[in-house]
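An overview of the molecular structure
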Amino acid sequence: MAIDRTPVLKRCRQLGIDPVVMGINKTSNREPKRRRRQESEYGMQLREKQKAKFIYGVLEKQFRRYYVLAMKREGITGDNLMSLLECRLDNVVFRLGFARTRKEARQTVRHGHITVNGRRVDIPSYQVKTGDVIAVAEKARDLLPIKEALIASEHMAVPAWLEVDIEKLKGTVLQLPTRDQIDLDIDAQLIVELYSK
């Protein structure tokens, strides 16, 4: 399995992403990378795609598959793409505050610490649906990383399309997210333009 081992802060600086988006509260002492010359249209499109892939931890083959699924759905392809990425189980676990970072959320899911509708799911790319109940498994409730994540996520706001019950360590998907409810600075239309060439 391929893994992106690029240092997170370095990659955030290259792509112009705030590290808080990745769940990291550290700030880089260096300024964001400045462009020496004006960026081409292709360069802007490629950077938006790289930002989305990096934030959600998806590699090229899987990202292209999401694009094809987004094209087949009704509505705007870019909005559909962002909704599909946001509905990944590892992202939902991060958004609910059961993990400090998206990478930690992915590992929590992979290790079988998360249940969906009472059944254990260990696939980070699992697509959640409206009405799904995502919970921390009984055996994992006392794990230190999950307790630390809950303390760290107290200041984080849960998106409007999710509802969380911290006492019971579970969350519910109220609806699928719309583009307005996704707070990431990604221009999905540029990604669509890149793939439609």
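Everything discussed here concerns the structure shown above.
Below or above, wherever it landed, is the structure these notes cover. Along each chain, numbering runs from 1 in the same order as the chain's sequence is written. For a predicted model such as this one, the threshold for reporting local features is a pLDDT of at least 70, and the threshold for listing and counting side-chain atom pairs is 80 or more; totals across whole chains, interfaces and linings nevertheless cover every residue. The side-chain values count all of the structure's non-hydrogen atoms but skip hydrogen atoms and water molecules.

**Observations concerning unusual backbone geometry**
The criterion, for reference: Working definition: helices are DSSP H or I runs of at least four residues, strands are E runs of at least two. Numbering for both runs from the N terminus.
Positive phi, normally seen in glycine, also occurs at Asn117, with a value near 55°. Position of Asn117 relative to the elements: it lies in the loop between strand 1 (114-116) and strand 2 (119-120). Of note, Leu169 is a non-glycine position whose phi angle comes to about 55°, a positive value. Topologically, Leu169 is positioned in the loop between strand 4 (162-165) and strand 5 (170-173).

**Some words on the packing of aromatic side chains**
Using the following cut-off: Only Phe, Tyr and Trp rings take part, Trp by its six-membered ring, and two of them pair if their centres are within 6.5 Å. Stacked means planes under 30 degrees apart, edge-to-face means over 60, and tilted covers everything else. Our definition puts a charge over a ring when NZ of Lys or CZ of Arg is within 6 Å of the ring centre and also within 35 degrees of the ring normal.
Enumeration over the complete set of coordinates arrives at 2 aromatic pairs. Clustering of aromatic rings is evident, with ring pairs tying together Phe63, Tyr67 and Tyr195. Note that Arg102 overlies the ring of Tyr56, its terminal NZ or CZ placed 5.4 Å from the centroid.

**Considerations on the nonpolar core**
Worth spelling out the cut-off: Working definition of a nonpolar core: buried Ala, Val, Leu, Ile, Met, Phe, Trp, Tyr and Cys residues. They are joined through side-chain atoms within 4.5 Å. Think of it in three bands: residues with accessible area under 20% of the maximum for their type are buried, residues over 50% are exposed, and the middle band is partly exposed, with areas taken using a 1.4 Å probe on protein chains only. Should any heavy atoms of two residues lie within 4.5 Å, those residues are counted as being in contact.
In this structure, Tyr56, Phe63, Met82 and Leu85 are the most contacted members of the largest nonpolar core, which totals 26 residues. For Met82, the contacting residues outside a window of four places in its chain are Tyr56, Arg179, Ile182, Leu184, Ile186 and Ala188.

**A short note on the packing of helix 3 (residues 60-72) against helix 8 (residues 188-195)**
Here is the rule: A fitted line through C-alpha atoms serves as each axis, taken over the contacting stretch for helices, and the angle formed by two N-to-C directions is quoted from 0 to 180°. An angle below 35 degrees is treated as roughly parallel, one above 145 as roughly antiparallel, one from 65 to 115 as roughly perpendicular, and anything else as oblique. Each residue is assigned to one class: nonpolar for Ala, Val, Leu, Ile, Met, Phe, Trp, Tyr, Cys and Pro, charged for Asp, Glu, Lys and Arg, and polar for all the others, Gly among them.
The interhelical angle for the contact between helix 3 and helix 8, taken along N-to-C directions, is 100°, at an axis separation of 12 Å. Between helix 3 and helix 8, the interaxial angle falls into the category roughly perpendicular. Two secondary-structure elements touch here, helix 3 through Glu60, Phe63, Arg64 and Tyr67 and helix 8 through Ile191, Val192 and Tyr195. For the contact of helix 3 with helix 8, the residue count by class is 5 nonpolar, no polar and 2 charged.

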